[in-house]
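Notes for the structure review
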Amino acid sequence: MHITIYHNPECGTSRNTLAMIRGTGIEPEIVLYLENPPSAATLADLIARAGISVRDAIRTKQPEYLSQGLDNPELSDTQLLAAMVATPILINRPLVVTPHGVRLCRPSELVLDILPEAATIPFTKEDGEVVIDKDGQRV
């Protein structure tokens, strides 16, 4: 099974999502999007396939969001996508692609929606929060 994760190793949510994927025994393709941002077309496709809006895919808490005036409701999706590609820290993460679909995995357990293979594997997040208990039940 081919899985791709648009990953930021500095992000706990992204690390937890990657760990859940690896817990299935699958090594995903890891795209370090801060170093190799997707094109605007690829990003638009991922966002559409995830069923979210471009505004949902942008990190509004980044200082660059306000400093670039991206809170302006008049900006088009094309303008927002261009800003995200030019400043990839603005891309919300992690985006995960599996044969079962695409998701913005915030929180990290949303990966289970598109990775049923991980649904019964015990998993505890870095902070100690149990996602799937020892009996394979989602908490």
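The sections below set out a description of the structure shown in this document. (Residues numbered from 1 in each chain as written. Predicted model: local features only at pLDDT ≥ 70, side-chain atom pairs only at ≥ 80, totals over all residues. Heavy atoms only, no water.)

This part is about the nonpolar core. One finds Tyr6, Leu43, Ile47, Ile58, Leu70, Met84 and Leu95 to be the most contacted residues of the largest nonpolar core, which totals 23 residues. Among the secondary structure elements, those contributing two or more residues to this core are helix H2 (40-50), helix H4 (77-86), strand S3 (95-98) and strand S4 (101-104). (Core = buried A, V, L, I, M, F, W, Y, C linked by side-chain atoms within 4.5 Å. Buried < 20%, exposed > 50% of the residue type's maximum accessible area, 1.4 Å probe, protein only. Helix = DSSP H or I, 4+ residues; strand = E, 2+ residues; numbered from the N terminus.)

Below, the discussion takes up H4. Buried within H4 are the following residues: Leu80, Leu81, Ala83 and Met84. In an axial view of H4, the angular spread of the buried residues amounts to 160 degrees, which keeps them on one side of the axis. Seen from the buried face of H4, the exposed residues on the opposite side, beyond 90 degrees, are Thr78 and Ala86. Turning to H4, the residues buried within the fold contact H2. (Arc of directions from axis to C-beta. Contact = heavy atoms within 4.5 Å.)

This structure, assessed with the given rule, holds 8 salt bridges. The salt bridge partner of Arg22 is Glu27, with a shortest N-O separation of 2.9 Å. For Arg22, a relative accessible area of 40% puts it in the partly exposed group. When the shortest N-O distance is used, the salt bridge between Glu109 and Lys125 registers 2.8 Å. Placement of Glu109 in the loop between S4 and strand S5 (123-124) and of Lys125 in the loop between S5 and strand S6 (130-132) is noted, with a sequence separation of 16 residues between them. Look at Glu109 and you get buried, because its relative accessible area is 14%. (Salt bridge = Lys/Arg side-chain N within 4 Å of Asp/Glu carboxyl O.)

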